[in-house]
Amino acid sequence: MLALCHPTQVPPDTLDGLSEKEKFDYKTEWDVQEALLDAGHELRWLGVQDELNPIREDIESYEPDIVFNLLDEFHGQTLYCQNVASLLELLRVPYTGCNPRGLMLAQGKDLSKKLLKYHRIPAPAFAVFPLGRKVKRPADLAFPLIVKSLTEDASLGISQASVVDSDEKLAERVAFVHERIGTPAIAEQFIAGRELYVGVIGNDRYRVLPIWELEITDLPAGSHAIATEQVKHNLDYQKRRGVLQGPAEGLPPATVKKIRDMVKRICQVLELEGYARIDMRLAEDGTPYFIEANPNPEIAASEELAQSALHDGIEYKDLLNRIMALGIQRAGRLAEELD
């Protein structure tokens, strides 16, 4: 099998001698490598960032049974991941994760919300602020708002300052996204409530994993319980603020059913395949709101998707094998449609 990742994330032969931070940087690729090798698979890594040709060359020379796609950006852009998936599809090689259409629909936070609102799935009101345009808030978009990059994921650029309550702060935060991240900004209605993540496995028949919750047990007064960049990626901050993730407890059965049904519908509308994580906020009145869809999310053994799968009785090796089986299944279906 051929595994694709960023060149700086090709796992080393050993983690011995590396700091905790350095090990954290390799966690997904290392976990996948160890699990696949332990399961008896042959594995070859290819680090790619700026050129598509090495992918084609390795597929033609190595002839892998499947490509395990762990790329979360290409040419420095998350939006280009769909192009890598398109290449794999054109080469008619099985690959893991989502198809290019699902990647495109999910990556744009505005497009996904428009589609889902059409299908009557609750989502926050929002406005998009393109690069180089004056920031003018629509009159019907009420504060507080949370400002994010329109296309980047992994909480890039999100901090406590992302939640704004005035036009002045809105303009400042939009400028931050434009200048520091280099993308258009989206300002969404801020939903006070619980931060929920729901993992999904499947192509057209979806298995919804247990609902997972992010909690921050030592949050400073006046702060919001949101998944900031620090919460997601800073180990010291996670320990200092008591960041915990685990099964969402105390949800009424009717709410659990509603969320699970919503998640299946979201995956159908956005044409998601393989594995995904749907991020939601459960408002104080009990309404679950769609926030964003994450096809091909972090799949390290310690991350939400793998942990929720384990809670559902799926061991890590079995999870990876299921993801590969879904890629092979899709390739077979596409071959039948094209022949």
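For clarity, every value in this text was computed on a predicted model and none was experimentally measured.

Here we take up unusual backbone geometry. Where the residue is not glycine, phi is negative for most of them; where a peptide bond is considered, it is trans in most cases. Following phenylalanine 143, the chain continues to proline 144 via a peptide bond in cis, the omega torsion being 0°. Following the sequence through the fold, proline 144 ends up in the loop between strand 4 (126–129) and strand 5 (145–149). Positioned with a positive phi, histidine 75 is a non-glycine residue whose angle comes to about 60°. Its location among the elements puts histidine 75 in the loop between strand 3 (67–69) and helix 4 (81–90). You can call histidine 75 partly exposed: its relative accessible area is 44%. Within the chain, glutamate 271 stands out as a residue other than glycine whose phi angle is a positive 60°. For glutamate 271, the location among the structural elements is in the loop between helix 10 (253–269) and strand 11 (275–283).

It is worth spelling out the sheet that holds strand 12 (residues 288–295) at this point. In space, the five strands of this open sheet follow the order 10-9-8-11-12, with antiparallel pairing throughout. A strand with exactly one partner marks an edge of an open sheet, and here the two such strands are strand 10 (243–247) and strand 12. Across the sheet, the mean angle from the axis of one strand to that of its neighbour is 25°, orientation sign disregarded. The pairing of strand 8 (residues 193–201) with strand 11 spans nine bridges and is antiparallel. Bridge pairing in strand 11 places glutamate 195 opposite arginine 281. Relative to strand 11, helix 10 is tilted by about 135°, and along the sheet it contacts strand 8, strand 9 (207–216), strand 11 and strand 12.

A few words on the packing of aromatic side chains. By the definition in use, this model includes zero aromatic pairs. Over the aromatic face of phenylalanine 176 sits the side chain of arginine 173, whose NZ or CZ is 3.9 Å from the ring centroid.

With that out of the way, let us pick up the packing of helix 4 against helix 5 (residues 100–107). Helices that pack against each other are described as a pair by the angle of their axes relative to one another and the distance between those axes. Taken N-terminus to C-terminus, the directions of helix 4 and helix 5 make an angle of 170°; their axes are 8 Å apart at the nearest point. The pairing of helix 4 with helix 5 is recorded here as roughly antiparallel in orientation. Where helix 4 abuts helix 5, its residues Cys81, Gln82, Ala85, Ser86 and Glu89 lie against Pro100, Arg101, Leu103 and Met104. Grouping the constituent residues of the contact of helix 4 with helix 5 by class yields five nonpolar, two polar and two charged.

The rules behind each value
- Residues numbered from 1 in each chain as written.
- Predicted model: local features only at pLDDT ≥ 70, side-chain atom pairs only at ≥ 80, totals over all residues.
- Heavy atoms only, no water.
- Helix = DSSP H or I, 4+ residues; strand = E, 2+ residues; numbered from the N terminus.
- Buried < 20%, exposed > 50% of the residue type's maximum accessible area, 1.4 Å probe, protein only.
- Pairing = 2+ DSSP bridges.
- Axes fitted to C-alpha atoms, helices over the stretch in contact; angles between N-to-C directions.
- Contact = heavy atoms within 4.5 Å.
- Phe/Tyr/Trp six-rings, centres within 6.5 Å; stacked < 30°, edge-to-face > 60°.
- Lys NZ or Arg CZ within 6 Å of the ring centre and 35° of its normal.
- Parallel < 35°, antiparallel > 145°, perpendicular 65-115°, else oblique.
- Nonpolar A, V, L, I, M, F, W, Y, C, P; charged D, E, K, R; others polar.

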